[in-house]
Each structure stands twice: as C-alpha cells, then as structure tokens.
Amino acid sequence: MPSQLEQLRQYTTVVADTGDIEAIARYKPVDATTNPSLLLKAAGISAYAPLLDEAVHWAKGRGNDRDRQITDAGDHLAVAVGRKILELVPGRVSTEVDARLSFDTDATIAKAERLIGLYEDAGVKRERILIKIASTWAGIRAAEQLEKRGIQCNLTLLFSFEQAVACAEAGVYLISPFVGRIMDWYVANTDAESFEPEQDPGVQSVRRIYDWYKRHGFETVVMGASFRNAGQIRALAGCDRLTISPDLLEKLDASHDPLPRALDDHGERAPRPGPISEPAFRWGHNEDPMATDKLADGIRKFAADQLKLEKLLSAKL
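Okay, so let's go over this structure. Small disclaimer: the values here were computed from a predicted structure and weren't measured.

1. Focus on the layout of surface pockets
So, point 1. Roughly 580 Å³ of internal volume is contained in the largest pocket.
So, point 2. D17, N35, L38, K41 and R181 are the residues nearest the centre of the largest pocket, which is lined by 33 residues in total.
So, point 3. Residue assignment for the lining of the largest pocket shows that the elements contributing at least two residues are α3 (36-43), β5 (153-158), α9 (179-189), α12 (246-254) and α14 (289-316).
So, point 4. Tallying contributions element by element places α14 first for the lining of the largest pocket, with five residues.
So, point 5. Taken together, the residues that form the lining of the largest pocket break down as 10 nonpolar, 11 polar and 12 charged.

Right under this line is the structure:
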C-alpha cells in the first residue's frame, strides 16, 4: 500500500504550506504558498541569508528614502523567496500582498502589479505566480480586476460562505478556505474541546463550498488550507488542492493505511444564482461571528508579522 501522501496525490494536487526549501525538496509538492508569517520564519533559515542581503542591497540602490527602502526590500525578499521555491516545484508559488492593504482596492492592485513586475524582471513568467489577497470585499474587487489583466489570484483568509460566493463570481483563480482556524474558533467559543473530522466545522465549510462550486459550474479552484491534524486532510481528499505544512506531510507520508476519496465532482449541474451584492456580502459575513472574528484576526496577525519582517530588514539597511 502506498503512503497516504501518495494516495492523496491521486485525487488532489498537494501544495506545500511553507517557505522551507528543505521541506519542499523532500516532499516534492506541485505548488507552494507563502505568507508574511512564513516569510518571517524563512528569514531565520540560514539558506535564505543571501536573499536577505540581496534584498537589502537592491533596496539601497533604489534611493535614499528609508521607508521606501524598507518597502522595496520586503517586496524583493518576497519575490526572491518565491524564485527560490520555483526552482523546486513544477507549478506555482503564491506571494502575498501586504495585509495592511486589505481594505484598499487600488493599492492592492498596484502592489500585485509591482510583485508581478519584479518576478518578470527576474525572468519568471506570471503564469507561475499566484498573488495572495485577503478575501475582503475590497480584496475580491481587486482580484477581479487583476484576473482581467492576466494576473491570477489566490484569495486567502476565507472563512464565510459569502466570501467564497463573491470570489467565484469575481472569476478568481483560487480560494484558500482556512480549515484549522475555523475549528480553532469553535473550540475557543463553544463547549467542544475537539471535533471528529466528519463533524469538524472547518471540514464542513470546505465541503459546502466545493459542492456549491461544482454544482453551479464555477471553475475557481478550492484549496483547503490551515490544517491542524491529518484527519482534516483525509476528510477532504479529493478537494481540488490542499496546502499542507511539512509536519502533516510527514505524518501522511509515514502512514500506509487506506485513504479513500471524500470529495468528488459527480458532474451534476444547476443554474447559477444571481450575483451577490455588496450589502448581501457584508450582511451575510457579518452574521457569521466566526468569520468576522477570524478574518479580522488573520489580517492583524499577517500585518504584525509583516512589521516584524520589516524591522529585521530595517536593521540591515
């Protein structure tokens, strides 16, 4: 019997949720995804030290304005890490827009185009990049425009069904519903201390989105993310993609128990409903306390790690 990781690959595209190049080389995912928290961890890995120095040197050559240098160094580092990862994966890498721009459509578009420009200047085609954007109303509108300009997007920090609906209708390439963070909220805010995979609210959320997308013929890719245990992953085998941390990849690789497919597109289709309006999006999302809490918390945490990364770069300038 092949490992559960190999069985999973029969149904699902496996993505590495890490910036650790050693882990990426070991588990050979198709794609990889990063965010400010993962970039901050990567900055502490010795293999990336030359990339930090390269980013700082490049930023210094762009001008003498210190704030501008810090921003330039951060952008260059994100792209440099992405380029390093692309040497190891055959598919794509996701690079995230600054979370502090999550409520500014125009600024998000500008940052995405800048990151794509840096990749293209380095000889990396945009077809190998996904721009990660928080699934706010402003972020989804930015992604809608970027998709029309040939820049494909990964909409992250997705917790509510309304976010998923709006993303599909905007024609975004991929969404990343956060399974583990949904479960975390219910453990913290209910009497439940844990959940079996079938009752896990994060698993149930992804299944609902997957089924709705397939039933209505939306092509947006569903990529479950933020897993807390291998049971959540097994319960979503068959999802379009799953982005998995190295420790859980290791657990799946060590197990040789059968891993049956849990999600499948049976080809049944239904007419698409009318488009979701901004008021309906905001009200529906607001009515889900888990989604409102976790979206705000996720943006704050990514922004905080971005600031820590900038402080590290500033010390080198």
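2. Some words on empty space enclosed by the protein
So, point 1. A complete count under the given rule lists two cavities of 30 Å³ or more for this structure.
So, point 2. Estimates place the volume of the second largest cavity at around 40 Å³.
So, point 3. Residue lining of the second largest cavity: V15, D31, A32, R92, S94, L130, N154, L174, M223 and R241, and that is the complete set.
So, point 4. Considered class by class, the residues forming the lining of the second largest cavity number five nonpolar, two polar and three charged.

3. Points about the packing of helix α5 (residues 66-86) against α14
So, point 1. Interhelical geometry of α5 versus α14 gives an angle of 110° and a closest axis separation of 9 Å. As the angle between them shows, α5 and α14 are arranged roughly perpendicular. By crossing handedness, the relation of α5 to α14 is classed as right-handed. Here R66, I70, A73, G74 and L77 of α5 come into contact with α14, specifically with L309, E310, L313 and S314.

4. Observations concerning helix α6 (residues 105-121)
So, point 1. Across its 17 residues, α6 extends 24 Å between first and last C-alpha, which sits within 8% of the 24 Å expected from 1.5 Å per residue.
So, point 2. Of all the positions in α6, only T108, I109, K111, A112, L115, I116, L118 and Y119 are classed as buried.
So, point 3. Next to the buried residues of α6 lie α4 (49-60), α5, β3 (93-96), β4 (129-134) and α7 (137-148).
So, point 4. Between a side-chain oxygen at the N-terminus of α6 and the backbone nitrogen of D106 the separation is 3.3 Å; the capping residue is D104.
So, point 5. Once α6 finishes, G123 follows within two positions and takes phi at roughly 90°, a positive value.

5. Overview of the environment of A112
So, point 1. Examined against the element boundaries, A112 turns out to sit in helix α6.
So, point 2. The class for A112 is buried, based on a relative accessible area of 0%.
So, point 3. Along the primary structure A112 and R282 are separated by 170 residues, whereas in three dimensions their C-alpha atoms are 24 Å apart.
So, point 4. Leaving out residues up to four positions away in the same chain, A112 has contacts with V97, I131 and L146.

6. Describing α5
So, point 1. When the terminal C-alpha atoms of α5 are compared, their 30 Å separation across 21 residues agrees well with the 30 Å that a helix rising 1.5 Å per residue should span.
So, point 2. Within α5, 15 of the 21 residues are buried, leaving the element largely enclosed by the surrounding structure.
So, point 3. One side-chain oxygen at the N-terminal end of α5 lies 3.2 Å from the backbone nitrogen of D67; it belongs to D65.

7. Some remarks on the packing of helix α8 (residues 161-169) against helix α10 (residues 201-215)
So, point 1. Two elements in contact, α8 and α10, have axes whose closest approach is 10 Å; the angle formed by their N-to-C orientations is 30°. Considered as vectors, α8 and α10 are oriented roughly parallel to each other. Here the hand of the crossing between α8 and α10 comes out right-handed. Between α8 and α10, the residues in contact are F161, A164, V165, C167 and A168 and R208, I209, W212 and Y213, respectively.
So, point 2. Across the contact of α8 with α10, the residue classes break down as eight nonpolar, no polar and one charged.

8. Regarding the packing of aromatic side chains
So, point 1. Evaluation of the coordinates by the stated rule reveals seven aromatic pairs.
So, point 2. Relative to F218, the ring of Y213 lies with its centre 6.1 Å away and its plane at 55°, an arrangement referred to as tilted. Each of the two residues, Y213 as well as F218, counts as buried.
So, point 3. Taken together, the ring pairs connect F161, W212, Y213 and F218 into an aromatic cluster.
So, point 4. Over the aromatic face of Y173 sits the side chain of R92, whose NZ or CZ is 4.6 Å from the ring centroid.
So, point 5. Cation over ring: R208 sits above F161, and NZ or CZ is 3.7 Å from the ring centre.

9. Details of the environment of N189
So, point 1. By secondary structure assignment, the location of N189 is in helix α9.
So, point 2. Classification of N189 as partly exposed rests on a relative accessible area of 46%.
So, point 3. Sequence separation between N189 and D53 is 136 residues; the distance between their C-alpha atoms is 44 Å.
So, point 4. At a separation of 2.8 Å, a polar atom in the side chain of N189 contacts the main-chain carbonyl oxygen of W185.

What counts and what doesn't
Residues numbered from 1 in each chain as written. Predicted model: local features only at pLDDT ≥ 70, side-chain atom pairs only at ≥ 80, totals over all residues. Heavy atoms only, no water. 1 Å grid on protein atoms, 1.4 Å probe; cavity = no way out; pocket = protein on both sides within 12 Å on 5 of 7 lines; lining within 4 Å. Points joined across faces, edges and corners; volume = space filled by probe spheres on them. Helix = DSSP H or I, 4+ residues; strand = E, 2+ residues; numbered from the N terminus. Nonpolar A, V, L, I, M, F, W, Y, C, P; charged D, E, K, R; others polar. Axes fitted to C-alpha atoms, helices over the stretch in contact; angles between N-to-C directions. Parallel < 35°, antiparallel > 145°, perpendicular 65-115°, else oblique. Left-handed = near helix turned anticlockwise from the far one by under 90°. Contact = heavy atoms within 4.5 Å. Expected span 1.5 Å × (residues − 1). Buried < 20%, exposed > 50% of the residue type's maximum accessible area, 1.4 Å probe, protein only. Polar contact = N/O pair within 3.5 Å; in protein donor to acceptor, adjacent residues only side chain to side chain. Phe/Tyr/Trp six-rings, centres within 6.5 Å; stacked < 30°, edge-to-face > 60°. Lys NZ or Arg CZ within 6 Å of the ring centre and 35° of its normal.

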